Amino acid sequence: HAILSQNTVIRANHSRAQTPALLKGLIFAPGGHAMTPSHTRKAGKLYRHYVAIDAIHQGYSECAIRSVPAAEVEEAVIAQVRHLLQTPEIIARIWAAAKPESDVSEREVVETITAFAPLWEELFPAEQARIVRLLVERVDLAPDGMQVRLRAEGLQTLVEELRRREAA
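Definitions and limits used
- Residues numbered from 1 in each chain as written.
- Predicted model: local features only at pLDDT ≥ 70, side-chain atom pairs only at ≥ 80, totals over all residues.
- Heavy atoms only, no water.
- Pairing = 2+ DSSP bridges.
- Helix = DSSP H or I, 4+ residues; strand = E, 2+ residues; numbered from the N terminus.
- Axes fitted to C-alpha atoms, helices over the stretch in contact; angles between N-to-C directions.
- Contact = heavy atoms within 4.5 Å.
- Salt bridge = Lys/Arg side-chain N within 4 Å of Asp/Glu carboxyl O.
- Buried < 20%, exposed > 50% of the residue type's maximum accessible area, 1.4 Å probe, protein only.
- Phe/Tyr/Trp six-rings, centres within 6.5 Å; stacked < 30°, edge-to-face > 60°.
- Lys NZ or Arg CZ within 6 Å of the ring centre and 35° of its normal.

Draft legend 1. Geometry of the sheet that holds strand β3 (residues 45-52). One open sheet accounts for three strands, arranged β2-β3-β4; its pairing is antiparallel. Of all the strands in the sheet, the pair left with one neighbour each is β2 (35-42) and β4 (67-69). Sheet twist, expressed as the average angle between the axes of neighbouring strands with direction ignored, equals 35°. Bridge count for β3 against β4 is three bridges, and the pairing is antiparallel. Across the sheet, residue V51 finds its bridge partner in β4, namely S67. Strands in contact with helix α4 (residues 70-85) are β3 and β4; relative to β3, the strand with the most contacts, it is inclined by about 70°.

Printed below as a string of structure tokens:
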């Protein structure tokens, strides 16, 4: 009764703070329906996952992908972002986007992106989430895989932030 008598908004915000959702608002099930973060506890252990909104509203039998383990899909997205950031095509796109607005060279872009990978593990979860939101426009799941769409302007912003950090 003490828990239920608390303000529900405050209680919900506290629960969400305890269960971070890196892909909240970015991850979509087949058919374009959003997925929402959720969690369960068993024997004191927390299990986080993303659940398709249409599965909640229409029933789990109607969905190709009902839910996915949060840690696994988040790791896969981060791995794919890291991989994409090292491809020549993406590096060229970052440089092309940054070129008109700054004096950044292609070599500086390559060095900055290369330095980003080891830096990731040192970041706080909130900073990791901010960078994912900066870089990732959308994650579309399918029964046979996923597609990660990056934000070009986010890539440029990341390079500029990393350059400022190196200069400081």
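Draft legend 2. Focus on unusual backbone geometry. A positive phi is found at A43, a non-glycine position, where the angle reads about 50°. Tracing the sequence through the fold places A43 in the loop between β2 and β3.

Draft legend 3. Representation of the sheet that holds strand β5 (residues 136-142). Taken together, the three strands give an open sheet; going across it, the order is β1-β5-β6, and neighbouring strands pair in mixed fashion. Looking along the sheet, the strands with just one partner apiece sit at the ends: β1 (27-28) and β6 (145-150). The pairing of β1 with β5 spans two bridges and is parallel. Considered in β5, the bridge of F28 is made with D140. Strands β1, β5 and β6 of the sheet are contacted by α4, whose axis makes an angle of about 50° with β6. Packing against the sheet, helix α7 (residues 125-135) makes contact with β5 and β6, and its axis sits at approximately 85° to β5.

Draft legend 4. Region of interest: the pairing of β6. As paired strands, β5 and β6 are joined by six bridges and run antiparallel to one another. Of the residues in β6, the one forming a bridge with A142 is G145. Joining the antiparallel neighbours β5 and β6 is a turn of two residues.

Draft legend 5. Region of the structure containing the pattern of salt bridges. Overall, the coordinates contain four salt bridges when judged by the stated rule. Here E74 makes a salt bridge to R48, at a shortest N to O gap of 2.7 Å. Taken together, the positions of E74 in helix α4 and R48 in strand β3 put the pair 26 residues apart, joining distant regions of the chain. E74 gets classed as buried once you look at its relative accessible area, which sits at 8%. D140 is paired through a salt bridge with R138; the nearest N and O atoms lie 2.9 Å apart. Taken together, the shared-partner salt bridges connect R138, D140 and R149 into one network.

Draft legend 6. Layout of the packing of aromatic side chains. By the definition in use, this model includes zero aromatic pairs. One residue, R138, lies across the ring of F28, its end atom 3.7 Å from the ring centre.

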